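The primary structure of each chain is shown beneath.
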Amino acid sequence: MNVYDWIQTDCTELEEAGLLRHLRTVSSPPANTVTIDDNYVVMLGSNNYLGLSTHPSVVSAAASAATVYGVGASGSRLLTGNTELYTTLENTLSDLKRTEASLVFSSGYAANTSIIPVLAGEGDLILSDALNHASIIDGCRLSRATKQIYRHCDVEHLKSLLQESSGFRRRLIITDGVFSMDGDIAPLQDIFQLSKTYDAMLLVDDAHGFGVLGEKGRGTVSHCGLEGEDIIQMGTLSKAVGALGGYVSGSRQLIELLINKARGFIFTTGLPPVVLSAANTAIEIMSSTPSLRKQLLKNAEDMKTILTGIGYTILPTQTQIIPVILGDTQRATEIAEALITEDVYAPAIRPPAVPEGTSRLRVTAMATHTDLDIQVAENGFAKVWKQLYEK
Ligand SMILES: Cc1ncc(COP(=O)(O)O)c(C=O)c1O
């Protein structure tokens, strides 16, 4: 066998399991409607929840930054790439999160894989929710700490693991704030209380809550009535903010430690100024426009009513993420393809992104969806239901 035979074997295995993914090409801005592989569709799979990626003020801020600063950062932040736009962004994040300090990374993925190994290492215990994002899982692997998985949002299970954890040097609890594939909200009040009782650190990944939940879009921690230095809040600028980058907010000392030890911060180039400027303007709009969040959550409620009315099974979710459970991998792919022919794009999500047997469509609302978009979505989902289930 040569190397390409091995690769062929791996691809065939994925194909036979219905898990071979292909890239689709988007040839329009990431708005409420897009052109994807030459199909003009209503977009029901975007993380650009508030529509800020295409907001005229955000686009104009990015264009101006290109004129002033050029396009690349030229080096890592510790050497030459720490443009002044970072200072504004990190101060704004700390104000919103009500923490002493914040640090921006190149992406949410880079943030999680960098922060976790700084917080925990050999001899420590990480307690991680069963449905935490892949970047958390990878961060845990890199940390070399012992990892124990608690059942999804099961506070009693978490408590029982903490009760047995006295032999470890440090304990770190990690949870998504809003779960990326299920759309439900972690019971943060209870988890925070446990972290206090058992002297554990708590890291909340708020990729999908930031900009959506809480006053000014502060996120899940604030939505759950918590705040302050005792919770390490991580998030991303690539979803509701509509740009790119990850961040962590917490105490000043935490940030100092990360600047010195987080490998995904130290050994990579800073973000392009264009992105930082876009993020600064987007956060300004996000935090001062409550109507965007209101419209997003209203559109999500409308979509939930429509989908359940047709007969689809959705998981209980309080957010803009609506998991339409189909179970079988092939069926999820089939339905996603059939929807495209009805001018609707709702991506199929399959293992390993979700547990075996829970393949789904991940439908996401946007604040910028119009009544017409929602009508097109309703017609498409209804027609596909008839074709597949009422034959
Ligand atoms: C919960 C969660 N954390 C982290 C990330 C990674 O963020 P980014 O896309 O900015 O790398 C994602 C992205 O999907 C996510 O859903």
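Take the overall build of the chain next. Within the chain, the secondary structure is distributed over 14 helices and 13 strands. Expected size for 391 residues packed as a compact globule is a radius of gyration near 21 Å; at 21 Å, the chain falls within 12% of this value. The burial tally for the chain puts 54% of its 391 residues in the buried class. Partitioning the contacts of the chain with sequence separation of at least 6, the portion at a separation of at least 24 is 71%. Accessible surface for the chain amounts to roughly 17,300 Å². Of this, 53% is attributable to carbon and sulfur atoms. Mean positive and mean negative side-chain charge positions of the chain (31 and 43 charges, respectively) differ by 4 Å.

Turning our attention to the sheet that holds strand E9 (residues 246–250). Strand order across the open sheet formed by seven strands is E3-E9-E8-E7-E6-E4-E5, with mixed pairing between neighbours. A single partner strand is all that each edge strand has here, and the edge strands are strand E3 (101–105) and strand E5 (146–150). Averaged over neighbouring strand pairs, the angle between their axes works out to 20 degrees when direction is ignored. In the packing of helix H3 (residues 85–97) onto the sheet, contacts are made with E3, strand E8 (231–236) and E9, and the angle to E3 comes to roughly 125 degrees.

A few words now on the site of the ligand. Close contacts around the ligand come from 14 residues, with Gly-108, Asp-205, His-208, Thr-236 and Lys-239 the closest. Take Gly-108: an N or O atom from its main chain is 2.9 Å from an oxygen atom of the ligand. In this structure, Thr-236 approaches the ligand through a side-chain N or O atom, which is 2.7 Å from an oxygen atom. If the ligand stood free it would expose 390 Å²; the protein chains cover 84% of that surface. No other element matches the three residues that helix H4 (residues 108–119) contributes to the shell around the ligand.

Taken domain by domain, the chain holds domain 1 (21–49 + 290–389) and domain 2 (56–288). One C-alpha centre belongs to domain 1, the other to domain 2, and the line joining them spans 27 Å. Opposite the 22 residues of domain 1 that make contact, domain 2 presents 23 residues. Inspection of the region where domain 1 meets domain 2 yields one salt bridge. Arg-360 serves as the salt-bridge partner of Asp-182, at 2.8 Å between the closest nitrogen and oxygen. Counting across the interface, domain 1 meets domain 2 through eight residue pairs in polar contact (both at pLDDT 80 or more). Elements supplying a minimum of two residues to the side of domain 1 that touches domain 2: helix H12 (290–310), strand E10 (321–327) and strand E13 (359–364). The element that contributes the greatest number of residues to the side of domain 1 that touches domain 2 is H12, accounting for five residues.

Moving on, we come to the pairing of E8. The element E8 is largely enclosed, with a buried count of six among its six residues. The side-chain alternation of E8 yields two buried faces, one formed by Ile-231, Gln-233 and Gly-235 and the other by Ile-232, Met-234 and Thr-236. Relative to E8, strand E7 (residues 201–205) runs parallel, the two being bridged by four bridges. Counted as the bridge partner of Asp-205 is Met-234 from E8. Note: E8 against E9, four bridges, orientation antiparallel. What sits directly across from Gly-235, in E9, is Tyr-247.

Here is what the cut-offs are and how they apply
- Residues numbered from 1 in each chain as written.
- Predicted model: local features only at pLDDT ≥ 70, side-chain atom pairs only at ≥ 80, totals over all residues.
- Heavy atoms only, no water.
- Helix = DSSP H or I, 4+ residues; strand = E, 2+ residues; numbered from the N terminus.
- Rg over C-alpha atoms; globule rule 2.2 N^0.38 Å.
- Buried < 20%, exposed > 50% of the residue type's maximum accessible area, 1.4 Å probe, protein only.
- Contact = heavy atoms within 4.5 Å.
- Areas by Shrake-Rupley, 256 points an atom, 1.4 Å probe, with all protein chains shown as cover.
- Lys, Arg positive; Asp, Glu negative; His and termini not counted.
- Charge placed at Lys NZ, Arg CZ, Asp CG, Glu CD.
- Pairing = 2+ DSSP bridges.
- Axes fitted to C-alpha atoms, helices over the stretch in contact; angles between N-to-C directions.
- Near = heavy atom within 4 Å.
- Polar contact = N/O pair within 3.5 Å; in protein donor to acceptor, adjacent residues only side chain to side chain.
- Domains from an automatic or database assignment.
- Salt bridge = Lys/Arg side-chain N within 4 Å of Asp/Glu carboxyl O.

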